[in-house]
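# Close look at the chain arrangement
Given next are the chains, with one letter for each unit.
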Amino acid sequence: MPRIAALSALLFGLFLFFLTKMTAPPEFDFLAGPQDSTFYSDALRFKEILGRDGVTLNIIETRGSVENLERLREAEGPTAGFVDAVGAILLAEEAAEGPAAGDPGTDDPDEEEAAGPVTSLGAIYLQPAWLLTLATADVGGIESMNEMRLGVGPEGSTSRLLADLFANYVQGDVRIEMVDMAGSDEVVEVEEIVDALMSRQVQAVFVVGQPQNALIDSLLREPGLRASSFRRSEAYALHFPYLVPIRLPEGGHDLGENVPPEAVNSLAASTELVVTDLFPPPLADLLLQATGEIYGGASLFTERDAFPNPDMVSITLNSSAARYYDSGPPFLRKYLPFQLATWIDRFIMVVVAFGSVAIALFSIVPRLIMMHLDRQLQAAYRRMEEVEKERV
């Protein structure tokens, strides 16, 4: 008996070990952006932080937000990536409209399965939008002109997506023509923008980025340019939760040089950290902790600990992220390494599950035994009655 008990305990221990083996893989894909973009440099910071806990990020270079979302929807394994909220909204609207009637291949079940669901871990920072014109131009904003050639980034860029959104809600009969500027928001040259404005190729240029960004900093300091305000910035923010009204006061960027020379009221769009629907909860917690380390400080337009933020999202919030925002990181993660804390957490979950089943069985088995004994006793009584009848 002792040997049987020891063997049973060993088998049970092995069973628990395999069940509680860390479900989070030691590596996963991370969709960034162009190699010289903010997205890519931020992905490198995530790679460094998660590397401390033995988790490897496979950084994948992409064209940006829209491609990231498309690849997340098609991913078969755990994948994370940066997605601008506006891009997510527009793609969601396209999906809601469905395929056009008569579109070949729309009945292919494989295509329907390819577009898997994605969830958001929350907004991680704001991307301010800037409308730049010549300093001598009498342009009060997009809505102040009857016709405008607006320089924007390429298809799928944040500036193009935001410009399309604003153009859809311009009051009056305003004709806006989008002009594709060379490169993306991060790599287009200041000289190209100035030349396009000076040569009247465009009346205004729409760019996105923090004032500390090299491009935005140069544009705000350019003496021949000025940043125009958005007249209805607060109204846009009321209707779109992923947009936030911002105000850069006179001299707010550089007090000594008085940049900008006048206050600018604008809008900022949230950027989200998006994951595949079945992304492992331990890795989601780890990413959120890294997000707080990277983006949790105060910035020009946000207070300390404003990010990560569960409210400024355009995609369904991940269930693990919702739990994280409610109760913080797992208790064990505060004191133990990631791998060990995850293993113990899974072990406890399995033990609790087995305990619940065991308690249920222990409460049911005695009843089953009593029912079986009662049936046997009743059968014995019937046989005894039959024997007594035969003797009489």
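Residues numbered from 1 in each chain as written. Predicted model: local features only at pLDDT ≥ 70, side-chain atom pairs only at ≥ 80, totals over all residues. Heavy atoms only, no water.

### Details of the overall build of the chain
In terms of helices and strands, the chain carries 12 helices and 10 strands. Burial statistics for the chain: of 392 residues in total, 42% are counted as buried. Counting contacts in the chain only where the partners sit at least 6 residues apart, residues at least 24 apart contribute 76% of the total. Of the accessible surface of the chain, which amounts to about 21,500 Å², a share of 56% is contributed by carbon and sulfur atoms. (Helix = DSSP H or I, 4+ residues; strand = E, 2+ residues; numbered from the N terminus. Buried < 20%, exposed > 50% of the residue type's maximum accessible area, 1.4 Å probe, protein only. Contact = heavy atoms within 4.5 Å. Areas by Shrake-Rupley, 256 points an atom, 1.4 Å probe, with all protein chains shown as cover.)

### Section: the nonpolar core
Counting residues in each nonpolar core, the largest one holds 58 residues, and the members touching the most others are Phe-28, Phe-30, Phe-46, Leu-50, Phe-82, Trp-130 and Leu-287. Residues contacting Phe-28, with those up to four places away along its chain left out, are Leu-50, Val-55, Thr-56, Leu-57, Asn-58, Pro-78, Ala-80, Phe-279, Leu-283 and Leu-287. Judged by nonpolar contacts, the second largest core, of 24 residues, contains Ala-85, Leu-131, Leu-165 and Tyr-242. (Core = buried A, V, L, I, M, F, W, Y, C linked by side-chain atoms within 4.5 Å.)

### So, the side chain of Asn-318
With respect to the element layout, Asn-318 can be found in the loop between helix 10 (281–295) and helix 11 (319–327). Residue contacts for Asn-318: discarding those within four places in its chain leaves Thr-119, Ser-120, Leu-121, Val-275 and Asp-277.

### Some words on helix 7 (residues 190–198)
Every buried residue of helix 7 is accounted for by Val-190, Ile-193, Val-194, Ala-196 and Leu-197. All buried residues of helix 7 project into a common sector of 160 degrees when viewed along the axis, lining one side. Along helix 7, exposed side chains directed more than 90 degrees from the buried face belong to Glu-191 and Met-198. Considering only its buried residues, helix 7 is in contact with strand 4 (118–134), strand 7 (204–208), helix 8 (214–221) and strand 8 (225–228). Backbone geometry just after helix 7 places Arg-200 at a positive phi near 65 degrees. (Arc of directions from axis to C-beta.)

### Brief notes about the pattern of salt bridges
For the coordinates displayed, the defined rule picks out seven salt bridges. In this structure, the salt-bridge partner of Arg-71 is Glu-67, at a minimum N-O distance of 3.2 Å. Of this pair, Arg-71 and Glu-67 both sit in helix 3 (residues 65–74), four residues apart, which is roughly one turn of the helix. According to the relative accessible area criterion, Glu-67 is buried, its value standing at 15%. (Salt bridge = Lys/Arg side-chain N within 4 Å of Asp/Glu carboxyl O.)

### Looking at a negative patch on the surface
Taken together, the side chains of Glu-189, Glu-191, Glu-192 and Asp-195 make up a negatively charged region of the molecular surface. Along the polypeptide, Glu-191 turns up in helix 7. Relative accessible area serves as the criterion here: at 51%, Glu-191 is assigned to the exposed category. (Patch = residues over 30% accessible without salt bridge, like charges linked within 9 Å, V, L, I, M, F, W, Y side chains within 5 Å. Lys, Arg positive; Asp, Glu negative; His and termini not counted. Charge placed at Lys NZ, Arg CZ, Asp CG, Glu CD.)

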